[in-house]
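Below are the chains, spelled out letter by letter.
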Amino acid sequence: MNPLGSTRLADTANGAWHVTFTHTLHAEWTKLRTAGDTGRLLLLTITLTVAVGCGTAKAVKCPDTGCGQDPVKLALTGITVGQAVIAVLAVLAISNEYGTGMIRTTLTAVPNRLTVLAAKATVLTTVVLASGTAAVLASLLAGRCVLPGNGFTAAHGYAPLTLADGPTLRAAAGSVLYLALIALLALGTATAVRDAASAIATVLGLLYLFPILTQVVNNPHWQHRLQQISPMTAGLAVQATVHLRERPIGPWAGLGVLATWAATALMTGSLLLHARDT
Amino acid sequence: MTTAPTSRPPATRPAERDGFPRTLHAEWTKFRTVRGWVLATAGALLVTIVVGLLGTAAPAPGGRGAHSAAYPKGPGGEAVNDSFYFVHRTLTGDGTLTVALQSLTGTADTDTGTDTDTGTGTGTGRTARSAQPWAKAGIIVKEGLTQGSPYAAVMATGGHGVRMQYNYTHDTAGPLSKAAPEYPRQLRLVRSGDSLTGYTSTDGSHWTKAGHAKLPGLARTVQAGLFATSPEAKQNTATGTGFSPAVATGTFGRPALTGNWSQSAWRGTQVSGDAGTSGSYTNTTKGDFTPTSGGGYTVTGAGDIAPVVGGPVMGAGFTVENFLVGTFAGLIVLAAVSTVFITGEYRHGLLRTTMTATPLRGRVLGAKALVAGGIASVTGLIAAAITLALGEHSTRGRGFRILPVTSATEARVMAGTGLLCAAAAVLALAVGTLLRRSGTAITLVIASIVLPFLLATSGVLPPGVSQWLLRVTPAAGFAVQQTLPQYAQVLSVYEPSTGYYPLAPWAGLAVLGGYAAIAFGLAVVRLRRRDV
Amino acid sequence: MSHESTKATIEVIGLRKRFGPQPALDGMTFTVRPGRVTGFVGPNGAGKSTTMRVILGLDTAEEGKALVGGVPYRTLRRPLRHLGALLDASALQPSRTARHHLLWLAHSQGLPARRVDEVIEQAGLGTAARRRAGGFSLGMRQRLGIAAALLGDPPVVMLDEPFNGLDPDGIVWMRGLLAELARQGRAVLVSSHLMSELEDTADHLVVIGHGRVIADTSVSQLLAEASGGRVTLRTSAPARAAQVLHGAGAITVATGPDTLTITGLPDAETVALLARNGVPFSQVSTHRATLEEAYLELTRDTVQYRGIPAPEATR
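Nothing here was measured: the structure is a model prediction, and the numbers come from that model.

Peer 1: Break down the nonpolar core for me, with residues and values.
Peer 2: Grouped together as the largest cluster of nonpolar side chains are 230 residues, with contacts concentrated most on Tyr178(A), Tyr208(A), Ile449(B), Ile10(C), Leu83(C), Met158(C) and Leu205(C). When sequence neighbours within four positions are dropped, the list of residues in contact with Tyr178(A) reads Ile79(A), Gln83(A), Leu207(A), Pro231(A), Met232(A), Gly235(A), Leu236(A), Leu255(A) and Leu258(A). Counting 36 residues, the second-largest nonpolar core is a separate cluster that includes Val99(B), Val162(B), Ala248(B) and Phe252(B).

The following block contains the structure:
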C-alpha cells in the first residue's frame with residue numbers, strides 16, 4: 001500500500017471510498033493479526049470444537065437400526081463450545097480498543113465510523129470462516145473415523161460421513177456460517193455496549209439462556225416458539241440431516257433467525273457508534 | 001497538616017491486629033461506590049426473577065391433570081399418586097384378611113412411538129401380556145377412599161416379588177422376593193390397632209412375615225380389601241425412554257376374613273377416578289372386578305400407589321427448581337461483575353494503589369472474595385425467595401400443579417442458590433485474577449458452569465456421559481436446587497435430562513465450591529508472586 | 001514539627017532486577033532523608049519507576065532491599081500512615097467519584113471519613129471531589145493522587161512525576177506543597193525526567209542512569225561542580241586579554257565578538273591580572289551552569305533512547 005496513492009485517488013468520490021475502505025481493511029487486518037491472542041483463540045476454537053465433537057461421537061452408540069441419531073450433528077457438537085471462543089475473539093476485537101483508548105486513534109485515522117465497523121466485520125468474518133472451515137472439516141473427519149466403531153454403520157443405515165452427501169454438506173457449510181454469524185453478533189453487541197465484560201455476558205446469555213429456558217417451559221407451543229427464536233437452537237438447526245420435519249425450524253430458516261439476531265446487533269452497534277462520542 | 005506526625009500511634013499498637021476488617025471495609029466501599037456494579041447486581045436479582053417467572057409463565061397445556069389444582073399429598077406431605085382399583089368392605093377395629101393370589105398378569109400398549117418429549121402415547125400399537133415390574137396386586141388397608149390417606153398393603157409385584165408397602169414412600173421387600181414368584185401365593189394382612197403386619201406363604205400353612213407398618217392415628221373404621229394397579233410401561237429405545245399405558249390384573253381366590261367386617265357385598269372403586277400421573281388405562285381396558293367361579297375375584301386396575309417423581313411420569317406440573325431457571329441468567333451477570341471487580345483494577349492500574357494501601361495480597365483477595373461472594377449469595381438468596389413466592393402463586397392460579405416440598409427442602413434450595421451464586425462469584429474473581437483479562441475470564445467461567453449443564457441436559461449425550469459431566473464440572477453445583485425425589489419402587493427416567501443430578505445437593509455444591517477454592521488458592525499464589 | 005529521623009527515611013540498598021536480558025536496576029543504592037526534598041532524576045527508562053515500585057513492594061527485586069522507616073514496605077500494617085505515594089495519577093476506577101476513591105483508601109487504613117475531607121481541601125479538589133474521577137483532567141488527577149498520598153499523614157512522601165499535566169498555577173502550588181512537606185520534617189522523594197522542574201524545588205538530587213546512581217549530591221554542590229570555576233569576561237580587547245591570561249596559565253575560549261570564557265583562573269585573580277596589565281574590561285562574572293546543563297553533562301553517556309536529530313528540511 002502506498003499512502004501517496006490514496007491521496008491522489010481520493011479525488012474521485014467513488015474511488016476514494018473504495019481505496020479508503022481497502023486501507024481500513026488492511027489496517028484492521030494488521031490490528032487483528034498483531035493483537036497477540038488472535039492466533040491462540042482461533043487455534044483454541046478449532047481444538048475445542050474438534051475435541052468436543054470427537055468426544056461426543058465417541059460417547060454416543062447406535063446399537064441397532066433406527067436409533068434415530070444424527071451422526072453429522074453429533075460430529076459437529078463441538079460448535080456449541082467453539083462458539084464461545086469465537087464470541088470472545090469478536091468481542092475483544094472492539095472492546096479492547098475501548099479498554100485501552102485506542103478507539104480514539106482508530107477513529108482519528110479513519111473518521112468514518114461505519115467504515116471502521118464494516119472493515120472490522122469483514123476481517124473478522126474472513127478469519128472466522130477460515131478457522132471455522134478447518135474446525136468443521138476436522139470434526140467431520142474425526143466423526144468419520146470414530147462413528148462407524150459405535151454402530152453408525154451401513155448395516156444400521158448410516159453411510160460414512162462425506163461432503164458429497166447434500167445434507168452433510170449443508171450441515172458443514174451451515175456450521176461455518178453459524179460461527180461467522182456468532183462472530184458478527186458478538187461484534188455488534190460489543191460495539192453497542194463497549195465494555196468486554198458486559199458484551200461477553202450478554203452474548204453468552206443470549207446464546208445459552210434460550211435452550212435452558214426451553215427445558216423448563218411446560219407448554220409445547222411455547223417451547224416450539226422459543227426454539228424458533230433462540231439464536232443458538234435455531235441457528236444450529238442447520239446441522240440437522242435426519243428427521244428434518246420434526247425440527248422446530250428448517251435448516252436455512254434457522255440460520256436466517258441467527259442472521260437476523262446478528263444483523264440487529266450490528267445495526268444497533270453501528271447506530272450507537274455513529275451517534276456516540278467516543 | 002492537622003495532626004502532628006509524631007503523635008501518630010506506633011506501628012505495633014494492638015489495634016493493628018484488626019487488619020482484615022479494614023481491608024474488607026475498603027473493598028466493600030470500592031464495590032458500592034461504582035454505580036455500574038451496584039446496578040448490575042440489582043439487574044442480576046431482577047433477571048433471576050423475571051427469567052424464572054417467564055420460564056414458568058406458559059399456560060397449562062390442557063393435558064392430563066391440568067384441571068386438578070394440586071397433587072394429592074401423602075401423610076408425610078409429599079406428592080403422591082394414589083390410583084388403583086379397590087375392591088373393598090369396611091373393617092372396624094382389628095381384623096385379618098387372607099387371600100390367595102392366583103396370578104398377576106398385565107396388558108401394555110407397546111411400540112406406540114412415544115418418547116420422553118410427548119409423555120404418553122395413544123396406545124394404538126401392539127399389546128403385550130405381562131405384568132409391569134411394579135404392577136401390584138394384593139391386600140390393602142386404607143383409612144378412606146380419598147387420595148393420600150394412610151394405608152398399608154401387602155402385595156405381589158410384576159417383577160420385584162412380594163412387598164410390604166405403606167404410606168406411599170415405604171417399601172419393604174418380602175421373603176423370597178424373586179423376580180418371578182410362584183403362583184398361587186398366599187397373602188395375609190393383620191390389623192391390630194395402628195399396627196399392620198403382612199405375611200406371605202406358598203402353601204397356606206407356613207407363613208412368613210413380609211413386613212410391618214405402624215400407622216399412628218389410623219382410624220378405627222377403615223376400608224380394606226383387594227387391589228390391583230399398574231404404572232405405565234417403560235420402554236427403553238435407542239432414541240430415548242417411552243411410557244405407554246398398562247394395566248394389571250390380579251386373580252384372587254376366596255378372601256378369608258376375621259374381625260368386624262361390614263355385611264355388605266364387596267364394592268369396587270377406582271380410587272382417584274383416573275390412573276394418576278404415572279398410570280394410564282389402555283384403550284381397551286377399564287378398571288373393574290369380576291367374581292370368579294371359586295368365590296374369588298379378578299381385579300383389573302391401572303395407576304400407582306407411590307410418591308410422585310420427576311420425569312415423564314410427573315405429568316403437567318412444576319418443581320421448585322423450575323422457578324429458579326433464572327439463576328443461570330443471574331449467575332452470568334454476577335460472574336461478570338465479580339470478574340470485573342478484579343480485572344477492572346488491572347485495567348486501570350488501580351491494583352497498584354490497592355497493593356500499596358494493603359501490601360498483604362492474600363488479604364486483599366480474601367476481602368474481595370468475601371465481598372463478591374457475600375453480595376452474590378445475598379442476591380441469589382433474595383432472588384430465590386422472591387421467585388419461589390411469586391412463581392408458586394402465579395402458576396397455581398393457572399392450573400399447574402407444584403410438587404410440594406418440605407420447608408426444610410425449600411430453605412435448602414434458597415440457601416443453596418445463594419451459595420451457588422457465591423461460589424460462582426468467587427470462581428469468577430479467582431479466574432479474573434489469574435487471567436487478568438475480563439473477556440477471557442468471564443467466558444471461561446460462564447462456559448464452564450453453563451455449558452456442561454446445557455450439554456448434559458440437552459439429551460444429545462448418553463445418560464452416563466451426562467451424569468459424569470454433572471459430577472466433575474462446576475455445573476455440578478446446580479444439584480443443590482434439585483427437589484425431585486427418587487424412589488427405587490417408582491420407575492421413571494432419573495437422568496440429567498429430567499432434572500436428576502448424579503450428586504446429592506450439598507455434594508454437588510461442594511464440587512463447585514471446590515473449583516472456586518482451588519482457583520482462589522491459585523490466584524492467591526499467583527498474585528503473591530507476580531509484580532503488579 | 002519534626003519526624004523521628006528513622007521513621008522518615010527511604011533506604012535503597014543494592015537493588016538489582018532485570019526484565020529479560022535488560023537490567024532495569026543494577027545495584028541501585030541511595031537514601032532519602034527527612035526534612036528535605038530529594039529529586040530523583042534520570043532519563044526515560046533509567047529505572048525510576050521500577051525503583052519506586054520496588055520500594056512499595058509492588059515489584060520484587062532479585063537482589064538488595066528497600067526499607068521505609070527501617071522496615072520493608074510489605075511488613076507495614078497501615079502502610080499509608082508511613083509512606084504516601086503517587087505513582088500513576090490515572091490509576092482510577094473511572095466511574096467512582098474522587099471522594100469515594102479516597103474513602104475506600106481511608107477505610108483500608110482505618111482512617112475516619114473526616115480525614116478524606118481534609119485532604120480534599122488540602123489538595124484543592126473542592127467540589128470536584130464529588131464528580132466521577134473518569135472525567136478529570138490530568139491536572140485534577142494529579143491533585144487527587146496527591147490527596148491520596150497525604151491521606152495517612154505519612155512521614156515519607158514519594159511522588160512519581162508530580163508536575164505532569166499541571167498548569168502553571170498547579171506547578172507553583174506543587175512546589176509550595178513539596179517545600180512545606182519537607183519543612184514539616186518529612187522525607188520527600190520526587191522523581192522527574194525534567195531537571196528544570198526540580199531547579200527551585202529539590203534540595204538534594206539522586207541522579208540515575210542505566211539502573212544505578214550516577215550522582216547523589218546536594219543541588220548547590222552539583223551546580224558548583226558543573227560550573228567548574230569558569231569565568232566570563234566581557235572586553236573590548238579580547239586578543240590582548242587572552243594573551244595576558246594565557247600567560248597566567250588559564251585557558252580561554254572566545255564565545256562572542258567581545259566575550260571570553262576563562263577556565264583555570266578564579267574571577268578575583270582574573271580581575272587583578274587584567275587590571276595590572278591595563279586590559280580594559282566591562283564585566284567579569286562567574287559562569288553559572290543551569291541544573292539542566294549539569295544533568296545533561298552527567299547523563300550524557302546513559303541516555304537510552306536518544307532522538308535522532310531532525311534533518312534540516314522535512315518538507
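Peer 1: Tell me what's going on with the sheet that holds strand β4 (residues 63–68) of chain C, and back it up with residues and numbers.
Peer 2: All names here are of chain C. Here three strands make up an open sheet; going across it, the order is β2-β1-β4 and the pairing antiparallel. The open sheet has two edge strands, β2 (22–32) and β4, and neither has a second partner. Between one strand axis and the next, the sheet turns through 20 degrees on average, direction left out of account. Of the strand pairs in this sheet, strand β1 (residues 10–19) and β4 are connected by five bridges, and their pairing is antiparallel. Bridge pairing links Val 12 to Ala 66 in β4. Relative to β1, helix α1 (residues 48–55) is tilted by about 115 degrees, and along the sheet it contacts β1, β2 and β4.

Peer 1: Describe the interface of chain B and chain C, naming the residues involved and giving the relevant values.
Peer 2: Across the boundary between the two partners, chain B contributes 40 residues, which contact 47 residues of chain C. Between chain B and chain C the total buried area reaches about 3800 Å² when both faces are included, carbon and sulfur atoms providing 55% of it. Remark: the boundary between chain B and chain C carries one salt bridge. We note a salt bridge from Asp531(B) to Lys17(C), for which the minimum N-O separation is 2.7 Å. Inspection of the chain B/chain C interface yields 12 residue pairs in polar contact (both at pLDDT 80 or more). Of all elements in the fold, only α1 (19–32), α4 (327–348) and α5 (350–357) of chain B reach the threshold of two or more residues within the side of chain B that touches chain C. The residue makeup of the side of chain B that touches chain C, split by class, is 16 nonpolar, 13 polar and 11 charged.

Peer 1: Summarise the arrangement of the chains; cite the residues concerned and give the values.
Peer 2: Across the two pairs of chains that are in contact, the largest number of contacts falls between chains B and C. A minimum C-alpha distance of 12 Å separates chain A and chain C, which share no contact.

Peer 1: Give me the lowdown on the confidence of the model for chain A, citing residues and values where you can.
Peer 2: Residue and element names in this part refer to chain A. Averaged over every residue, the pLDDT of chain A is 85; residues scoring 70 or more account for 92%. When pLDDT is averaged over each element of chain A, helix α8 (residues 166–193) comes out on top at 94 and helix α1 (residues 3–9) at the bottom at 42. In this model residues 1–13 is a low-confidence stretch, pLDDT under 50, and it forms 10 contacts with partners more than four residues away in sequence or in other chains.

Peer 1: So, α5(B): which residues are in play, and what are the values?
Peer 2: The element α5(B) is largely enclosed, with a buried count of six among its eight residues. Those residues of α5(B) that are buried lie in contact with α1, α4, α6 (361–397) and α10 (505–529) of chain B together with α2 (98–108) of chain C.

Peer 1: Break down the pairing of strand β7 (residues 187–192) of chain C for me, citing the residues and quoting the values.
Peer 2: Residues and elements named next belong to chain C. Most of β7 is tucked away: six of the six residues are buried. Here β7 shows a buried face lined by Ala 187, Leu 189 and Ser 191 and a second buried face lined by Val 188, Val 190 and Ser 192. Pairing of strand β3 (residues 36–41) with β7 involves six bridges; the strand directions are parallel. Pairing of Thr 38 across the sheet is with Leu 189, part of β7. As defined by bridge partners, strand β6 (residues 156–160) adjoins β7 across five bridges and the pair is classed as parallel. Opposite Val 156, over in β7, you have Ala 187 as the bridge partner.

Peer 1: Could you give me a rundown of the packing of helix α2 (residues 35–55) of chain B against α4(B), with the residues and numbers involved?
Peer 2: All names here are of chain B. At a closest axis distance of 7 Å, the pairing of α2 and α4 adopts a crossing angle of 165 degrees. Classed by the angle they form, the pair α2 and α4 counts as roughly antiparallel. Our pair here, α2 against α4, has a crossing hand that is left-handed. In this structure, α2 uses Trp 37, Ala 40, Thr 41, Ala 44, Val 47, Thr 48 and Val 51 to contact α4, whose residues at the interface are Thr 327, Ala 329, Gly 330, Val 333, Leu 334, Val 337, Val 340 and Phe 341. Considered class by class, the residues forming the contact of α2 with α4 number 11 nonpolar, four polar and no charged.

Peer 1: Describe in detail the sheet that holds strand β9 (residues 212–218) of chain C, supporting the description with residues and values.
Peer 2: All names here are of chain C. Spatially, the six strands line up as an open sheet ordered β5-β6-β7-β3-β8-β9, and their pairing is mixed. On the outer flanks of this sheet lie β5 (83–86) and β9, each paired with one strand and no other. With direction set aside, neighbouring strand axes in the sheet form an average angle of 15 degrees.

Peer 1: If you had to explain the interface of chain B and chain A to someone new, which residues and values would you point to?
Peer 2: Taken together, the contact pairs 41 residues of chain B with 39 residues of chain A. Summing the contributions of chain B and of chain A, the shared interface buries around 3000 Å²; its carbon and sulfur component is 75%. A salt bridge links Asp37(A) to Arg437(B); the shortest N-O distance between them is 3.6 Å. Our count for the contact surface shared by chain B and chain A stands at one residue pair in polar contact (both at pLDDT 80 or more). Elements represented by at least two residues in the side of chain B that touches chain A include exactly α2, β20 (317–318), α4 and α8 (438–457) of chain B. Counting residues per element, the side of chain B that touches chain A draws most heavily on α8(B), which supplies 12 residues. Among the residues making up the side of chain B that touches chain A, the classes are represented as 28 nonpolar, 11 polar and two charged.

Peer 1: Pulling in residues and values, what's your account of the domain arrangement of chain C?
Peer 2: Think of interface size as the accessible area that goes away when the parts come together; that is how it is often given. Under the domain assignment, chain C is made up of domain 1 (10–217) and domain 2 (229–288). The gap between the C-alpha centroids of domain 1 of chain C and domain 2 of chain C is 46 Å.

Peer 1: Describe the confidence of the model for chain C, and please don't skip the residues or the numbers.
Peer 2: Residues and elements named next belong to chain C. Scored by pLDDT, chain C comes out at a mean of 85, with 93% of its residues at no less than 70. Within chain C, helix α10 (residues 291–299) has the poorest average pLDDT of any element, 76, and β6 the best, 95. Here the predicted complex scores 0.86 on pTM and 0.86 on ipTM.

Quick notes on the rules
Residues numbered from 1 in each chain as written. Chains lettered and ligands numbered in written order. Predicted model: local features only at pLDDT ≥ 70, side-chain atom pairs only at ≥ 80, totals over all residues. Heavy atoms only, no water. Core = buried A, V, L, I, M, F, W, Y, C linked by side-chain atoms within 4.5 Å. Buried < 20%, exposed > 50% of the residue type's maximum accessible area, 1.4 Å probe, protein only. Contact = heavy atoms within 4.5 Å. Pairing = 2+ DSSP bridges. Helix = DSSP H or I, 4+ residues; strand = E, 2+ residues; numbered from the N terminus. Axes fitted to C-alpha atoms, helices over the stretch in contact; angles between N-to-C directions. Buried area = accessible area lost by both parts, 1.4 Å probe. Salt bridge = Lys/Arg side-chain N within 4 Å of Asp/Glu carboxyl O. Polar contact = N/O pair within 3.5 Å; in protein donor to acceptor, adjacent residues only side chain to side chain. Nonpolar A, V, L, I, M, F, W, Y, C, P; charged D, E, K, R; others polar. pLDDT = per-residue confidence, 0-100. Parallel < 35°, antiparallel > 145°, perpendicular 65-115°, else oblique. Left-handed = near helix turned anticlockwise from the far one by under 90°. Domains from an automatic or database assignment.

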